[in-house]
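Summary of structural features
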Amino acid sequence: MKIEKKIRILQFCLLLGAAGALGGCGSQEAAEANGRTVEGLSRPEAMILVATERNRYEQIYTDQIWNVTMPESGESFEDFLLEQVKQFASDLKVVGAMAGEYGIELDSSEKEQVRRLAEDYYSQLTAADVAYTGAVEEDAYQLYLDYALASKTVSELTKDAAVEISDSQAKVIEIQQIILEDKETADQVLALTGQEGADFASIAGEYGVQDEVRLSLGRGEADAAVEEAAFSLEEGQISPVIQASDGRFYIIQCINPYDQEATASRKAEMALVQKDGAFRQLYDEFLAEHPVEVSDTVWDGVSCVTDQDTATTNFFELYEEYFPE
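Going along each chain's sequence as written, the residues are numbered from 1 onward. Given that the model is predicted, a residue must reach a pLDDT of at least 70 before its local features are reported, and side-chain atom pairs must reach 80 or more before they are shown or counted; all residues, however, enter totals for whole chains, interfaces and linings. Water and hydrogen atoms were dropped before computing side-chain values, which therefore reflect all heavy atoms in the structure.

**Describing the overall build of the protein**
The number of helices and strands found in the protein is 12 helices and 6 strands. In the protein, which comprises 325 residues, the share counted as buried stands at 43%. Note on areas: Shrake-Rupley with a 1.4 Å probe; residue coverage comes only from the protein chains shown. Counting every atom, the protein has about 16600 Å² of accessible surface; 45% of that belongs to carbon and sulfur. To qualify as a helix, a DSSP run of H or I must reach at least 4 residues; to qualify as a strand, a run of E must reach at least 2; elements of each kind are numbered from the N terminus. Per-residue accessibility, obtained with a 1.4 Å probe over protein chains only, is compared with the maximum for each type, and a residue is labelled buried under 20%, exposed over 50%, and partly exposed between these values.

**As for the pairing of strand β3 (residues 172–180)**
When a strand is regular, its side chains alternate between the sheet's two faces. Extensive coverage of β3 is indicated by the burial of 9 of its 9 residues. The two faces of β3 match: Val 172, Glu 174, Gln 176, Ile 178 and Leu 180 on one face and Ile 173, Ile 175, Gln 177 and Ile 179 on the other face are all buried. Relative to strand β4 (residues 214–218), β3 runs antiparallel, the two being bridged by 5 bridges. Among the inter-strand pairings, Glu 174 is bridged to a residue of β4, identified as Ser 216. Where β3 lies against strand β6 (residues 249–256), 7 bridges are found, and the strand directions are antiparallel. A pair of strands is treated as paired once DSSP finds two or more bridges between them.

**A word on the pattern of salt bridges**
Put simply, a salt bridge is a Lys or Arg side-chain nitrogen that is within 4 Å of an Asp or Glu carboxyl oxygen. Throughout the structure, instances matching the rule amount to 15 salt bridges. Linking Glu 53 and Arg 56 is a salt bridge whose minimum nitrogen-to-oxygen distance equals 2.9 Å. Separated by 3 residues within a single helix, Glu 53 and Arg 56 lie in helix α2 (residues 43–61), roughly one turn from each other. For the pair Glu 53 and Arg 56, one class covers both residues: buried. For Glu 58, the salt bridge goes to Arg 54, with nearest N and O atoms at 3.1 Å. Taken together, the residues span about one helical turn, with Glu 58 and Arg 54 both in helix α2 at a distance of 4 residues. Looking at Glu 58, the relative accessible area reads 22%, which means it is partly exposed. Given the relative accessible area of 3%, Arg 54 is considered buried.

**Some words on the packing of helix α3 (residues 77–102) against helix α6 (residues 137–158)**
Between two packed helices, both the angle of their axes relative to each other and the distance between the axes serve to describe the pair. All axes here are fitted lines through C-alpha atoms, helices being fitted over the stretch that makes contact, and every angle between N-to-C directions spans 0 to 180 degrees. Put simply, α3 and α6 touch, their axes get as near as 9 Å, and they point 60° apart. Considered as vectors, α3 and α6 are oriented oblique to each other. Crossing of α3 over α6 shows left-handed handedness. Residues Phe 88, Leu 92, Lys 93, Val 95, Gly 96, Met 98, Ala 99 and Tyr 102 of α3 pack against Leu 143, Asp 146, Tyr 147, Leu 149, Ala 150, Thr 153, Val 154 and Leu 157 of α6. Taken together, the residues of the contact of α3 with α6 sort by class into 12 nonpolar, 2 polar and 2 charged. Any angle from 65 to 115 degrees is called roughly perpendicular, while one under 35 is roughly parallel, one over 145 is roughly antiparallel, and all others are oblique. Put simply, a crossing is left-handed when the front helix is turned counterclockwise from the back one by less than a right angle, and right-handed when it is turned clockwise. Only heavy atoms matter for contacts: two residues are in contact if any of them lie within 4.5 Å across the pair. Each residue gets one of three labels, nonpolar for Ala, Val, Leu, Ile, Met, Phe, Trp, Tyr, Cys and Pro, charged for Asp, Glu, Lys and Arg, and polar for the others, Gly among them.

**Points about α6**
A helix is expected to span 1.5 Å for every residue after the first. If you check α6, its first and last C-alpha atoms are 32 Å apart, about what 22 residues at 1.5 Å a residue would give, namely 32 Å. Of all 22 residues making up α6, 16 are buried, and the element is well covered by its neighbours.

**Looking at the environment of Val 95**
Relative to the helices and strands, Val 95 resides in helix α3. Considered as a pair, Val 95 and Ser 151 are 56 residues apart in the sequence and their alpha carbons are 8.7 Å apart. Setting aside residues no more than four positions away along its own chain, Val 95 makes contact with Ala 150, Thr 153, Val 154, Phe 279 and Tyr 283.

See the structure below:
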């Protein structure tokens, strides 16, 4: 069973992804950091995050996902998932503390939008979701307030971080490739591709050792010699035999010398990477000056395995509807 290495909510921290369990609904556990008090999530708020990811993964992989062991660490997938959610919750509070440091806050209209969002989200929870999370509408509201403030903080602190990325830098092309182990065979196969009526893909399937024939390619994603040859081709052109640094031989055919949609998407991704790097630096500097430790007691006894027929997965999707980028 193939599992993503990182869960989606981790992408929040840099957007670009705790309270005492015995204290009852809405109670707060505090963490001290150089005289700074940072409140953690309440148990129901934490459980909203857990339920969101639990439901999403179980819907994709069924309840057998909880029997999976992570190959690298040997831990259960449940432990892995809960640890990622815990880290996200901690990051959420740290970024909230950063907001105070930089004087960033939600205005009245943003808070009102969050209120409507929380009402909408809570109204869509099933009875099983409510029972599993122990949440009331105010819990959803408080969690969305934290998320909206953290999102605004990341946006404000990175708005000037990205430099202009050109289409040339982000350019994505579509190619077909044939990979061969020796030069003699490569020369023979190249001759075959040049024959009248030759089908490049069929020849690749018959002679090549590649995993895939057709693929999209951006700058920096292939061997330098292969990249240089591929990006110099016009539509339909076939390259000469190219020897890559791994000792294998490539023959490339250009299918589309400029994939406009993929290029725009890659440009946006590159801008997010730049913003992510800029925010990580600010985040690390903040933690160095204000180390934060959030109590783990809120997570005591939390489990992804439940008899409750929970279903709701739209916490983050609904946020994006109310606060589109």
